[in-house]
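Structural overview
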Amino acid sequence: MRSIIFYGQTGKFTWRMLATVLGGQSICILLGALVARGVAASDDGGARGTAYLVVGFGLGALCVVAAGTLRRPWGVTLGWVVHALTLLSALVVPMMLVVGVFFLALWVTCLVKGTQIDAEMARRAAAEADPAADRVDG
């Protein structure tokens, strides 16, 4: 669990995996915003529906921005904020809780496994650079 970071840079493979998670999450959030607008429009005629749509599209855009900033140290922090906001969107559309938990599980899995894969790739690159370091004498 030491692989879970909240701030800092990740390896190349890890940030690619995390960006993919955020890209998929943005699509689900945009579809959730459409659902929230439709439900609100049927309840009160559309005043809240437009607000839900704008906020949902903003959160979807924030997902895309977070995916693009994962190479920077604060990009991972922005990703965590996006996940927290996705979980909060369940107050408007309760099924967004399922979406939020699903993508949060993917996010944590990608952080852990991606870090392991980046470490293995670095180990292999070091072994290629210095083949004598990999041999065991004796």
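Residues numbered from 1 in each chain as written. Predicted model: local features only at pLDDT ≥ 70, side-chain atom pairs only at ≥ 80, totals over all residues. Heavy atoms only, no water.

**Examining the layout of surface pockets**
- Of the voids in this model, the largest pocket is the one considered here, and its volume is about 220 Å³.
- Forming the boundary of the largest pocket are 13 residues, of which Y52, V55, G56, L59 and S89 lie nearest the centre. (1 Å grid on protein atoms, 1.4 Å probe; cavity = no way out; pocket = protein on both sides within 12 Å on 5 of 7 lines; lining within 4 Å. Points joined across faces, edges and corners; volume = space filled by probe spheres on them.)

**Thoughts on the packing of aromatic side chains**
- In this structure the tally under the stated criterion is three aromatic pairs.
- Ring geometry for F6 against W80: centres 4.7 Å apart, planes inclined by 40°, an arrangement best described as tilted. Note that F6 is positioned in the segment before α1 (12-44) and W80 in helix α3 (residues 73-88), a separation of 74 residues in sequence.
- Since its relative accessible area comes to 17%, W80 is described here as buried.
- Relative to F103, the ring of F102 has its centre 5.2 Å away and its plane inclined at 80°; by these criteria the two rings are edge-to-face.
- These aromatic residues form a ring-pair network of at least three members: F6, W80 and W107. (Phe/Tyr/Trp six-rings, centres within 6.5 Å; stacked < 30°, edge-to-face > 60°. Helix = DSSP H or I, 4+ residues; strand = E, 2+ residues; numbered from the N terminus. Buried < 20%, exposed > 50% of the residue type's maximum accessible area, 1.4 Å probe, protein only.)

**Observations regarding the side chain of T69**
- Looking at the secondary structure, you find T69 in the loop between α2 (47-68) and α3.
- Apart from the residues lying within four places of it in its own chain, the contact partners of T69 are W74, G75 and L78. (Contact = heavy atoms within 4.5 Å.)

**Examining a nonpolar patch on the surface**
- On the surface, I27, L30, L31, L34 and F57 cluster together into a nonpolar patch covering about 450 Å² of accessible area.
- The biggest single contributor to the nonpolar patch is α1, with four residues.
- Residue I27 is classed as exposed on the basis of its relative accessible area of 51%. (Patch = residues over 30% accessible without salt bridge, like charges linked within 9 Å, V, L, I, M, F, W, Y side chains within 5 Å. Areas by Shrake-Rupley, 256 points an atom, 1.4 Å probe, with all protein chains shown as cover. Salt bridge = Lys/Arg side-chain N within 4 Å of Asp/Glu carboxyl O.)

**Observations regarding the environment of A126**
- Looking at the element boundaries, A126 is found in helix α4 (residues 96-129).
- For the pair formed by A126 and W15, sequence separation is 111 residues and the distance between their alpha carbons is 21 Å.

**A closer look at the confidence of the model for the protein chain**
- In the predicted model, the protein chain carries a mean pLDDT of 90, and the fraction of residues at 70 or more is 92%.
- Of all the helices and strands in the protein chain, α1 carries the lowest mean pLDDT, 92, while α3 carries the highest, 95. (pLDDT = per-residue confidence, 0-100.)

**So, α4**
- The first and last C-alpha atoms of α4 sit 48 Å apart over 34 residues, in line with the 50 Å expected at 1.5 Å per residue.
- Buried residues belonging to α4 abut α1 and α3. (Expected span 1.5 Å × (residues − 1).)

**Quick look at a positive patch on the surface**
- Residues K12, R16, R71 and R72 make up a contiguous surface patch of positive charge.
- Relative to the helices and strands, R71 resides in the loop between α2 and α3. (Lys, Arg positive; Asp, Glu negative; His and termini not counted. Charge placed at Lys NZ, Arg CZ, Asp CG, Glu CD.)

**Brief notes about the nonpolar core**
- Core analysis: the largest hydrophobic core is formed by 24 residues, its most contacted members being L18, L22, L70, M96 and W107.
- At seven residues, the largest contribution of residues to this core is made by α1.
- Non-local contacts of M96, meaning those with residues more than four positions away in its chain, are made with C28, I29, G32, T86, S89 and A90. (Core = buried A, V, L, I, M, F, W, Y, C linked by side-chain atoms within 4.5 Å.)

**Describing the packing of α1 against α4**
- One way to put it is that α1 packs onto α4 with a least axis distance of 7 Å and a crossing angle of 170°. The pairing of α1 with α4 is recorded here as roughly antiparallel in orientation. On α4, the residues touching K12, F13, T14, M17, L18, V21, L22, G24, Q25, C28, I29 and G32 of α1 are M96, V99, F103, L106, W107, C110, L111, G114, T115, I117, D118 and M121. (Axes fitted to C-alpha atoms, helices over the stretch in contact; angles between N-to-C directions. Parallel < 35°, antiparallel > 145°, perpendicular 65-115°, else oblique.)

**Quick word on the state of the cysteines**
- Evaluated as defined, the whole model comprises zero disulfides.
- There is no disulfide at C28, and the cysteine sulfur nearest it, in C63, is 9.5 Å away.
- Note on C63: relative accessible area 0%, which makes it buried. (Disulfide = S-S within 2.5 Å.)

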